[in-house]
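Structural overview
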Amino acid sequence: MTRTDADHARDALEHLAMIGHHVAEGGWGRQVVVDAVCLRLAASIEAASHLSAEARASAFGATWRVIWATRKRIAHGCATVDPQIVRATVENDLVEYAAALRSVAARGG
């Protein structure tokens, strides 16, 4: 079965939903929560990377490079990821990212 852009967008959104659960359950003061958030954020971006080039460009435009760099930073330097930066990313940047993913998911296909 071939997965669609909408499938990949929904996968990415599911990871984002889990970020909210982790923070609500454990708060930002616990390293295990920060680690879980990092893993889910990286997984969400990984899922979004499977969108077609056209869908990714339409959804994220030039910001995709920054989004992908965030995933690379988490995946390759998790021990050195600053928890304050992770928190700021979640609190300030995920609204637009999630909105773009919802747009892709809504298009279906």
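If you're wondering where the values come from, they're calculated on a predicted model, not measured in any experiment. (Residues numbered from 1 in each chain as written. Predicted model: local features only at pLDDT ≥ 70, side-chain atom pairs only at ≥ 80, totals over all residues. Heavy atoms only, no water.)

Concerning the pattern of salt bridges
Just so we agree on the cut-off: Salt bridge, as used here: a side-chain nitrogen of Lys or Arg that lies within 4 Å of a carboxyl oxygen of Asp or Glu. Runs of E in the DSSP output that reach at least two residues are strands. Runs of H or I that reach at least four are helices, and both are numbered from the N terminus. Think of it in three bands: residues with accessible area under 20% of the maximum for their type are buried, residues over 50% are exposed, and the middle band is partly exposed, with areas taken using a 1.4 Å probe on protein chains only.
Tallied over the entire structure, the rule returns 4 salt bridges. With a shortest N-O distance of 2.8 Å, Arg-10 and Asp-7 are connected by a salt bridge. Placement of the pair is Arg-10 and Asp-7 together in helix H1 (residues 5–26), with a separation of 3 residues, close to one helical turn. Relative accessible area serves as the criterion here: at 39%, Arg-10 is assigned to the partly exposed category.

Brief notes about the layout of surface pockets
To keep it simple, the criterion reads: Both cavities and pockets are sets of points on a 1 Å grid over the protein atoms alone; in a cavity a 1.4 Å probe fits but cannot get out, in a pocket the set is open with protein on both sides within 12 Å along at least five of seven lines, and lining residues sit with an atom within 4 Å of a point. Grid points are joined across faces, edges and corners, and a volume is the space filled by probe spheres set on the points. Classification used: nonpolar for Ala, Val, Leu, Ile, Met, Phe, Trp, Tyr, Cys and Pro, charged for Asp, Glu, Lys and Arg, polar for all others including Gly.
Taken as a whole, the largest pocket encloses approximately 460 Å³ of empty space. Together, 22 residues line the largest pocket, and Val-66, Ile-67, Thr-70, Thr-89 and Asp-93 are the ones closest to its centre. Looking at the lining of the largest pocket residue by residue, the class counts come to 13 nonpolar, 5 polar and 4 charged.

Re the side chain of Ser-44
This is how the line gets drawn: The contact definition used throughout considers only heavy atoms, calling two residues in contact when any of these lie within 4.5 Å.
Structurally, the position occupied by Ser-44 is in helix H2 (residues 31–49). Here Ser-44 is in contact with Ala-12, His-15, Leu-16, Tyr-97 and Leu-101, once residues within four sequence places are set aside.

With respect to the side chain of Arg-71
Along the chain, Arg-71 falls in helix H4 (residues 64–77). For Arg-71, the contacting residues outside a window of four places in its chain are Ala-42, Ile-45, Glu-46 and His-76.

Some remarks on the packing of H2 against helix H5 (residues 83–107)
To keep things clear, this is the line we draw: A fitted line through C-alpha atoms represents every axis, and for helices the fit uses only the stretch in contact; the resulting angles, taken between N-to-C directions, go from 0 to 180 degrees. When the near helix sits turned anticlockwise from the far one by under a right angle, the crossing is termed left-handed; a clockwise turn instead gives a right-handed crossing.
Following both chains from N to C, one finds H2 and H5 inclined at 35°, their axes separated by 11 Å at the closest point. H5 is crossed by H2, and the crossing has left-handed handedness. Together, Gln-31, Val-34, Val-37, Cys-38, Leu-41, Ser-44, Ile-45 and Ala-48 of H2 and Pro-83, Val-86, Thr-89, Val-90, Leu-94, Tyr-97 and Leu-101 of H5 make up the contact between the two elements. Classifying every residue of the contact of H2 with H5 by side-chain character gives 12 nonpolar, 3 polar and no charged.

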